[in-house]
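Coordinate inspection notes
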Amino acid sequence: MSTDPWGRVDDDGTVYVRTAEGERAVGSWQAGEPEEALAYFHRKFDELAGQVTLLEQRVRGTDLPPAQAEATIVKLREAITDAHAIGDLDGLLSRLGVVTELVAQRREEVKAARDVARAEAKDIKERIVAEAERIADDTTHWKTGGERLRQLIEEWKAAERIDRVTEAALWKRLSAARTAFAKRRKAYFAGLDEQRESVRSAKERIVIEAEALSSSTDWGATASTYRELMQQWKMAGRASREVEDELWGRFKGAQDQFFQARSTVFAERDASLAANAEIKEQLLAEAEKILPVSDARSARTTLRNLLERWEAAGSVPREQRDRLEGGLRKIDEAIRKAEETEWKRSNPEARARAQNTVDQLRKTIAQLETRLVKAQTAGKDKDVKDAEEALAARRSWLEEAERTLAEFS
């Protein structure tokens, strides 16, 4: 019989292993020496010990999930308990007990971490749902709103799962927000299509009117109408891009046709007006020779003849018109003043009034001179002073009145 510390081979070839509970037969060996049998069953033990060592390393050095570790422990414990091997099987079971405690500790840590992660995930998903509901209720930026909702769905998928009831309730709110946003966007674009159709109709009417005016030669009224049509165009809103571009092209084409034709006519007219301006420049220079006016009647006759030629010359460019007309008005004004002066001189009633004023002042002065002499003789100083002041004033008035009278001579 061959023995070692952990097992033996009986004379009949039965192989035993020693455990804390006593010996247990693990096999039979008939083919060779007992040492070979012990070596064989030691190798079986070494295989089990290697598995236990590997499990210890994975539990201590990796993030092996507790459930997977526990399943491995159960299998190894069964394998060790019923093992056909020779070695310190009790020691292996003891090591498994230590690993079991480590796994239990790891399970608690994982559970705590999972609870924290679920709480954080709950906060994240509540935030996601709240933002989605705000977008569904308020946003009118449909493209960015839709993109943001898609991003929120991806953020939801990336977040940890939470308890089933809360997860389902939040997902229901998120889905409802997406549906509400989609309905509101659809309603908006349906209204927008209706609005754009209304704009298209209004702008098409504007374009038709613009095209009808494109060949008009009523330059002033038509230009004013085009300005009004442009204001109507701006106030009408925007149609779809394709319709807007097509209608604007037609409107601008009609407008350009009219204004180009007007520009051509005005250019020809400006050339004619420039020639008229040269004639009026010469007439103005001729009229300025009337000044200063020495004979109002002759000056008026000369100006009247010039005016006939002036009117016959025609219109001039706007930027020269005020200067030319203003120059002619100054000459007319000078002649008018000369005519007024001449009329005053020849007006019998005015001359009579001037003569009457002179006579009255002379009479008053004679009376004041008499009063002065009497006051001087009587030695009344105050009366003398009053008479002298009155005489000085009347004599000044008389000089002015005599000058006026002289103008009628």
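A few points on the structure. In this text the structure is predicted, and so the values were computed from the model without any measurement.

Further remarks concern the packing of helix H4 (residues 142–158) against helix H5 (residues 164–213). In contact at an axis separation of 11 Å, H4 and H5 are set at 165° when each is read in the N-to-C sense. By the angle between their directions, the pair H4 and H5 is classed as roughly antiparallel. Seen from above, H4 lies across H5 with left-handed handedness. Taking contact as the criterion, the partners of Trp142, Gly145, Gly146, Leu149, Ile153 and Trp156 in H4 are, on H5, Glu167, Leu170, Trp171, Leu174, Arg178, Phe181, Arg184, Arg185, Tyr188 and Phe189. By residue class, the composition of the contact of H4 with H5 is 10 nonpolar, 2 polar and 4 charged.

Attention shifts here to the environment of Gly191. Position of Gly191 among the secondary structure elements: in helix H5. Each C-alpha atom, one on Gly191 and one on Ala210, is 29 Å from the other, the two residues being 19 residues apart in sequence.

Further remarks concern the pattern of salt bridges. Summed over the entire model, instances satisfying the criterion amount to 33 salt bridges. A salt bridge links Arg205 to Glu209, with the shortest nitrogen-to-oxygen separation between them at 4.0 Å. Residue Arg205 and its partner Glu209 are located together in helix H5, separated by 4 residues, close to a single helical turn. On the basis of relative accessibility, which here comes to 45%, the residue Arg205 falls in the partly exposed class. Note on Glu209: relative accessible area 32%, which makes it partly exposed. Sharing partners across several salt bridges, the network here consists of Arg8, Asp10, Arg18 and Glu23.

Calculation notes
- Residues numbered from 1 in each chain as written.
- Predicted model: local features only at pLDDT ≥ 70, side-chain atom pairs only at ≥ 80, totals over all residues.
- Heavy atoms only, no water.
- Axes fitted to C-alpha atoms, helices over the stretch in contact; angles between N-to-C directions.
- Helix = DSSP H or I, 4+ residues; strand = E, 2+ residues; numbered from the N terminus.
- Parallel < 35°, antiparallel > 145°, perpendicular 65-115°, else oblique.
- Left-handed = near helix turned anticlockwise from the far one by under 90°.
- Contact = heavy atoms within 4.5 Å.
- Nonpolar A, V, L, I, M, F, W, Y, C, P; charged D, E, K, R; others polar.
- Salt bridge = Lys/Arg side-chain N within 4 Å of Asp/Glu carboxyl O.
- Buried < 20%, exposed > 50% of the residue type's maximum accessible area, 1.4 Å probe, protein only.

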